[in-house]
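So you can see what is in the structure, the chains are spelled out below.
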Amino acid sequence: MLGTTLAVRVHGFQEFNFLTFICTVLTAVSVHCAGNVVNTYYDFVKGIDDRKSDDRTLVDHILSKDEVVTLGVLLYGAGCAGFALLLYLSPAKLEHLALVYFGGMSSSFLYTGGIGLKYIALGDVLILIIFGPISVLFSYMAQTGYIEWATIFYAIPLALNTEAILHSNNTRDAESDKKVGIVTLAILIGKTCSHVLYALLLFTPYVIFVVLSMKYSGLFLLPMVTLKQAFDIERQFRNESTLRKVPRETAKLNLFFGILYVVACFLAPQLPFITRN
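Residues numbered from 1 in each chain as written. Predicted model: local features only at pLDDT ≥ 70, side-chain atom pairs only at ≥ 80, totals over all residues. Heavy atoms only, no water.

Some remarks on helix α4 (residues 94–110)
Compared with an ideal rise of 1.5 Å per residue, which puts 17 residues at 24 Å, α4 spans 23 Å between its outermost C-alpha atoms and is within 8% of the ideal. If you check which residues of α4 are buried, you get L97, A98, V100, Y101, G104, M105, S107 and S108. In this structure, the buried residues of α4 make contact with α2 (18–45), α3 (65–89) and α5 (123–144). (Helix = DSSP H or I, 4+ residues; strand = E, 2+ residues; numbered from the N terminus. Expected span 1.5 Å × (residues − 1). Buried < 20%, exposed > 50% of the residue type's maximum accessible area, 1.4 Å probe, protein only. Contact = heavy atoms within 4.5 Å.)

Looking at the domain arrangement of the chain
One can read the domain layout of the chain as domain 1 (1–147) and domain 2 (149–276). Across the boundary between the two partners, domain 1 contributes 32 residues, which contact 35 residues of domain 2. Between domain 1 and domain 2, roughly 2,900 Å² of surface is buried when both sides are summed, and carbon and sulfur atoms account for 67% of that area. Ranking the residues of domain 1 by area buried against domain 2 places L2, R9 and D124 at the top, with a combined share of 22%. Linking domain 1 with domain 2 are zero salt bridges, by the criterion used here. (Domains from an automatic or database assignment. Buried area = accessible area lost by both parts, 1.4 Å probe. Salt bridge = Lys/Arg side-chain N within 4 Å of Asp/Glu carboxyl O.)

Section: the UniProt feature "transmembrane region" (unreviewed entry) in the chain
In this structure's numbering, the residues bearing the UniProt feature "transmembrane region" (unreviewed entry) are residues 18–42, 68–90, 96–112, 119–140, 180–200, 206–227 and 253–274. Measuring from the first to the last C-alpha atom of residues 18–42 gives 36 Å, for a span that is 100% helix and 0% strand. The span residues 180–200 is 76% helix and 0% strand, and its two end C-alpha atoms sit 28 Å from each other. (UniProt positions renumbered as here; feature names shortened; annotations may be inferred.)

Quick notes on the packing of α2 against α5
Where α2 meets α5, the axes come as close as 9 Å, and the angle between the chain directions of the two elements is 155°. One way to sum up the angle between α2 and α5 is to call them roughly antiparallel. In the crossing of α2 with α5, the sense of the turn from one axis to the other is right-handed. When α2 is examined against α5, the residues T20, F21, T24, T27 and H32 are found in contact with a partner set consisting of F131, F138, S139, A142 and Q143. Among the residues making up the contact of α2 with α5, the classes are represented as four nonpolar, six polar and no charged. (Axes fitted to C-alpha atoms, helices over the stretch in contact; angles between N-to-C directions. Parallel < 35°, antiparallel > 145°, perpendicular 65-115°, else oblique. Left-handed = near helix turned anticlockwise from the far one by under 90°. Nonpolar A, V, L, I, M, F, W, Y, C, P; charged D, E, K, R; others polar.)

Remarks on the nonpolar core
The biggest cluster of nonpolar side chains holds 37 residues, and the ones touching the most others in it are L2, L6, Y154 and C265. Secondary structure elements with two or more residues in this core: α1 (2–11), α5, α6 (151–172), α8 (185–215), α9 (227–238) and α10 (246–267). Lining this core are residues from two domains, each supplying at least three of them: domain 1 (1–147) and domain 2 (149–276). Setting aside its immediate chain neighbours within four residues, C265 contacts L2, T5, L6, R9, Y154, F220 and L271. (Core = buried A, V, L, I, M, F, W, Y, C linked by side-chain atoms within 4.5 Å.)

Observations regarding the packing of α5 against α6
It is the contact of α5 with α6, at a shortest axis distance of 8 Å, that shows an interaxial angle of 145°. Judged by the sense of rotation from one axis to the other, the crossing of α5 with α6 is right-handed. On α6, the residues that touch G123, D124, I127, L128, F131, G132, P133, V136, L137 and Y140 of α5 are T151, I152, A155, L158, A159, L160, T162, E163, L166, H167 and N170. For the contact of α5 with α6, the class distribution of residues is 13 nonpolar, six polar and two charged.

See below:
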């Protein structure tokens, strides 16, 4: 949504292609879901998911391992189908679309599959890249036909907020992760530094919005209405008894935060750093 919004603001509605937007959504969501399914499979196989885990798919035998594998294949297939349609609909060069798409798709698998970047403390870096810059760049390019690196700046608030979800999850599960021999950033830096990092991930986007509002438009303050919710979640993070709820609450914050951010970008009279090609 953010990448498409930026494209519409730069090129206007006359060049907006609704079918391209739908195919972009299909592609991005399918690959995202496939990555989650791969995570479900490998976390269970490696003994990470247990009776206390949030993901109950394999733990409670909702699906068998073979069914999860099949679901993952189907979702990646749906993503590839959406990508194939984009090749026909989008003005972007095939090699550019393919580079971003297959880079994102392979990364979603390698998060827990293959070398399993999540298990060697590189999952945080991957999430920061995929669930922000790559997704926004891909959707912008699908609409406009060219790469605009400035979209990466606009992706930063969403990327940081999304990484906060992962980091809170890893902090909560640090002890159980240690027992099965995997390494996450939360384990490496310890509880105190994990709290500092979570606060930085959670509140830095709001600082960015204040700066943007002071320099360009007060509309960038729209996401600030979620600030109180962010403070409430940060307090829950500091309390061991409420830490378990933090990843889910951070994800809810991400939803409202993201929608308001997209609205602000759509309505703001000026978008810094992006110019028509």
